[in-house]
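Geometric and topological summary
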Amino acid sequence: MMLFSTLVLAEPILAAGANGLPYVVPIHPNLVHLTLGLFIVAIAFDIVAALYPLEKPIFKFLAIPATSSGLYDVGWFNMVAAAIVTFFTVAAGFYEIILADPPDDVVSPWGMNATDTMVWHGVGGVLLLALIVGMTIWRGFQRYLWREDRARQVDWSYLLAGLLIFALMFAQGTLGAHLGGDFGVHVTADRLIYSGVNPNEAIDMPLAKTMKDPRVVGSRDFGPGSGPEEVLAD
Amino acid sequence: MFENLLPPLNNHNLPYPDTIHPIVVHFVIAMVLFGVVCDSIAYFTNNKKLFEVGWWNMVFATISIFVAIIFGQLEAGLATPYAAAAGDLNLHTLLGWSLSALLAAITGWRYIIRLKNPGAIPDAYLGMNAILTVIVLFQVYLGDKLVWVYGLHTEAVVEAAREGLLK
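Numbering of residues begins from 1 in every chain and follows the order in which that chain's sequence is written. Here chains are named by letter from A upward and ligands by number from 1 upward, in the order in which they appear as written. With the structure being a predicted model, the display of local features is reserved for residues of pLDDT at least 70 and the display and counting of side-chain atom pairs for 80 or more, all residues being used for whole-chain, interface and lining totals.

Okay, the overall build of chain A next. Secondary structure elements are taken from DSSP: a helix is a run of H or I of four residues or more, a strand is a run of E of two residues or more, and numbering for both begins at the N terminus. A count of helices and strands for chain A gives ten helices and zero strands. Listing each helix as α and each strand as β along chain A from the N terminus yields α-α-α-α-α-α-α-α-α-α. As a rule, residues whose C-beta atom has 12 or fewer other C-beta atoms within 10 Å are exposed, those with 20 or more are buried, and those in between are partly exposed; C-beta atoms are placed from the backbone. Here chain A, with 234 residues, has 38% of them falling under the buried criterion. Here, residue contact means that the backbone-derived C-beta atoms of the two residues sit within 7 Å. Taking the intrachain contacts of chain A between residues at least 6 apart in sequence as the baseline, contacts between residues at least 24 apart amount to 73%.

Spelled out as structure tokens, the structure:
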């Protein structure tokens, strides 16, 4: 219980509000790991499977038994999982957009303000969800109906579409990076700095407490206890 | 002598536009979790195809974690962690290196299991997967804190650190 409260509840300032969310860290960026990882690996394994004849000697050299049907299984099941997970990714994303309180005087490296970036990231999210679900359905028809008796389970156009979606995902991911990295949306420290509070004082987490009395391991001109705590000037 | 080979650091204190480590870890987090899910479902339903999916996902995760560590070290080195963030950054680093060894060992075990009998996994492997999942989730939580609580490499924190306001 002690561990749970340390890890999950942290300090009151983090548990509610400091990042604009009713929990400690945003959920959407974590589900994004799953969406992108599963989709990209699904396409990657289908490409590897489609080029299997070329790779046969490599797998043999590595002493890894591999069949093209096994590689296609990864392409299919990972794609199905990506489609399922992405509904939750988009849902969590919209929830956290609704609760966002971004600064209006910052411009992203792509020349957009926070609101425009959020709108494009939201539109991009819905578009990518549709594309991922569409790709999954397309993949399913190829696997079980159209190409059931073929050695190559996917059409080249499917793989090409996957690569084009990678490009969209890169743009979408960069917009998301701008929201966190440039606008500080739901970033606790950034929001504290905007309001003139030093994160060192406000983020009073258990680990930080132990850091306030660090073991001396050498010369160190920064860190806790090395000087008076400053409050950020506005 | 090497200073001029990299572009100057930007307002995220990086020689390239945005952090790369959080992108590479997609392929560790998603592949470990999905690999474990596939092996678990396969274990209880005896689904041979899902065993194959579980194995390949673990292979991909193992390759990815070393790339993730390279970028993680680079970006940790440029992170200018302030006092409150330093403890979690150290723990995340320590756990990251440990996870690479653990993940490589588990995938090696998975390789031997698959070589001997591709259609089954021993109970102990499933238990090891459970432990691995817990450590990975804790590591994700620490990484989340570095980005979303401490804001390392965000514009506001980098700016405050450069002005000497945040140490």
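Next, the rest of the story.
Turning our eyes to something else, we now look at the interface of chain A and chain B. Counting from both sides, the interface comprises 48 residues of chain A and, opposite them, 42 residues of chain B. Elements with a minimum of two residues in the side of chain A that touches chain B: α3 (28-50), α5 (68-98), α7 (156-182), α8 (188-194), α9 (199-202) and α10 (206-211) of chain A. Each residue belonging to the side of chain A that touches chain B can be placed in one class, and the counts come to 28 nonpolar, 16 polar and four charged. Each residue is assigned to one class: nonpolar for Ala, Val, Leu, Ile, Met, Phe, Trp, Tyr, Cys and Pro, charged for Asp, Glu, Lys and Arg, and polar for all the others, Gly among them.

On to the nonpolar core. Within the largest apolar cluster, 55 residues are counted, with the highest numbers of intra-cluster contacts made by A:L38, A:F39, A:A82, B:V28, B:M31, B:V32 and B:A61. For this core, the secondary-structure elements that each account for two or more residues are α3, α5 and α6 (114-146) of chain A together with α2 (26-45), α3 (48-77), α4 (83-116) and α5 (123-149) of chain B. Considering every element that reaches this core, the biggest residue donor is α3(A), with 13 residues. One nonpolar core equals one set of buried Ala, Val, Leu, Ile, Met, Phe, Trp, Tyr and Cys residues connected by C-beta atoms within 7 Å. Membership of the second largest hydrophobic core comes to 31 residues, among which are A:A18, A:V24, A:L192 and B:L146.

Another point: the packing of α3(A) against α2(B). Fitted lines through C-alpha atoms serve as axes, helices being fitted only where they are in contact, and the angles separating the N-to-C directions of these axes extend from 0 to 180 degrees. Orientation of α3(A) relative to α2(B), taken along the N-to-C sense of each, is 80 degrees, at an axis distance of 8 Å. By the angle between their axes, α3(A) is roughly perpendicular relative to α2(B). Across the interface between the two elements, A:H33, A:L34, A:L36, A:G37, A:L38 and A:V41 from α3(A) touch B:H26, B:F27, B:I29, B:A30, B:M31 and B:F34 from α2(B). Across the contact of α3(A) with α2(B), the residue classes tally to nine nonpolar, three polar and no charged. In this scheme, roughly parallel covers angles under 35 degrees and roughly antiparallel covers those over 145, while 65 to 115 is roughly perpendicular and the rest are oblique.

The next point concerns the packing of α3(A) against α7(A). All names here are of chain A. It is the contact of α3 with α7, at a shortest axis distance of 11 Å, that shows an interaxial angle of 155 degrees. With respect to their mutual orientation, α3 and α7 come out roughly antiparallel. Here α3 runs over α7; the crossing is left-handed. In this structure, α3 uses V32, L36, I40, I43, D46, I47 and A50 to contact α7, whose residues at the interface are L159, G162, F166, M169 and G176. Considering only residue class, the contact of α3 with α7 consists of nine nonpolar, two polar and one charged. Left-handed describes a crossing whose near helix is turned anticlockwise from the far helix through less than a right angle; right-handed describes the clockwise counterpart.

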